[in-house]
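# Structure assessment
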Amino acid sequence: MTARFDFLHICLTHQQLFAYQGGQLVWQCAVSTGANGIGEANNSGKTPRGWHRIRARIGDGLPLGAVLRGRRWTGEILDAALEQAAPERDWILTRILWLCGLEHGFNRGPGCDTFHRYIYLHGTPDSQPMGVAKSHGCIRLHNRDMLTLFAATPYNCRVFLAEHPLDQLALNALLKDVQCKVH
């Protein structure tokens, strides 16, 4: 993929990620967000809403299925035996795009800080269903989708998480607003 995304929208109700370039939808995929629902509070296990940016890109060059723990590669690559040994584990695989909230008092700052909650977009085993909220608050993608997303999503790319999909008017307003958000 040669596209360079300049804006991502994650629809939490429909469990979909939409990637835009120059105001045009260029890619989308199914995701899995927080099993505990939607919310910004620390230790809630919920997926936060609102404006974010990609603050860190982790795992460039790692193999497909690389197991990450504490944002570092363990040296393992997920296989059936490893997955069966820890069936309830929320696997973080392949790549991480670490989110930072942009709205003080809502998704940034004491009690609600997306970055300090370690909310990522990350790869997950292909055995995990997409389109179903099952994570611990992060946004999960199948590994091949995560590779595509990572390759086209730059540092500081804006990400908007909301319950609803965007119609053209809302999209135009957000794309105008994305120009105004502070780093």
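Residues numbered from 1 in each chain as written. Predicted model: local features only at pLDDT ≥ 70, side-chain atom pairs only at ≥ 80, totals over all residues. Heavy atoms only, no water.

### Considering the side chain of Thr33
Residue placement: Thr33 occurs in the loop between β3 (24-30) and β4 (50-58). By relative accessible area, which is 3% here, Thr33 ends up buried. (Helix = DSSP H or I, 4+ residues; strand = E, 2+ residues; numbered from the N terminus. Buried < 20%, exposed > 50% of the residue type's maximum accessible area, 1.4 Å probe, protein only.)

### Digging into the state of the cysteines
What makes a disulfide is a covalent bond joining the sulfur atoms belonging to two cysteines. On inspection of all chains with the given rule, the structure shows 0 disulfides. Residue Cys11 stays outside any disulfide, its sulfur separated by 13 Å from that of Cys29, the closest cysteine. Looking at the unpaired Cys112, the closest cysteine sulfur is the one in Cys100, lying at 11 Å. (Disulfide = S-S within 2.5 Å.)

### Quick look at the nonpolar core
Judged by nonpolar contacts, the single largest core of 24 residues is most densely connected at Ile10, Leu17, Leu121, Ile139 and Leu149. Mapped by element, the contributors of at least two residues to this core are β1 (7-11), β2 (16-21), β3, β7 (93-101), β9 (139-142), α2 (143-152) and β10 (158-162). With 4 residues, α2 is the largest single contributor of residues to this core. Membership of the second largest hydrophobic core comes to 12 residues, among which are Ile58, Ala66, Ile96 and Tyr120. (Core = buried A, V, L, I, M, F, W, Y, C linked by side-chain atoms within 4.5 Å.)

### Points about the pairing of β4
When you tally the buried positions in β4, you get 7 out of 9 residues, the bulk of the element. Relative to β10, β4 is paired through 4 bridges, and the arrangement is antiparallel. Considered in β10, the bridge of Trp51 is made with Phe160. Direction of pairing for β4 relative to β7: antiparallel, over a ladder of 6 bridges. Following the sheet pairing, Arg53 is matched in β7 by Cys100. (Pairing = 2+ DSSP bridges.)

### Some remarks on the packing of aromatic side chains
In the structure shown here, the tally under the stated rule is 7 aromatic pairs. Where Phe7 meets Tyr20, the ring centres are 5.5 Å apart and the plane angle is 40°; that geometry is what we call tilted. Of this pair, Phe7 sits in strand β1 while Tyr20 sits in strand β2, and the two are 13 residues apart along the sequence. Consider the rings of Phe7 and Trp51, whose centres lie 5.9 Å apart with planes at 50°: the pair is tilted. Separated by 44 residues along the polypeptide, Phe7 in strand β1 and Trp51 in strand β4 bring together distant segments of the chain. For Phe7, a relative accessible area of 0% translates into the label buried. Accessibility expressed as a relative area gives 3% for Trp51, which makes it buried. Taken together, Phe7, Tyr20, Trp51 and Phe160 form an aromatic cluster joined through their ring pairs. Lying over the aromatic face of Phe150, Arg95 brings its terminal NZ or CZ to 5.5 Å of the ring centre. (Phe/Tyr/Trp six-rings, centres within 6.5 Å; stacked < 30°, edge-to-face > 60°. Lys NZ or Arg CZ within 6 Å of the ring centre and 35° of its normal.)

Interpretation note: all reported values are geometric properties and have no functional meaning in isolation.
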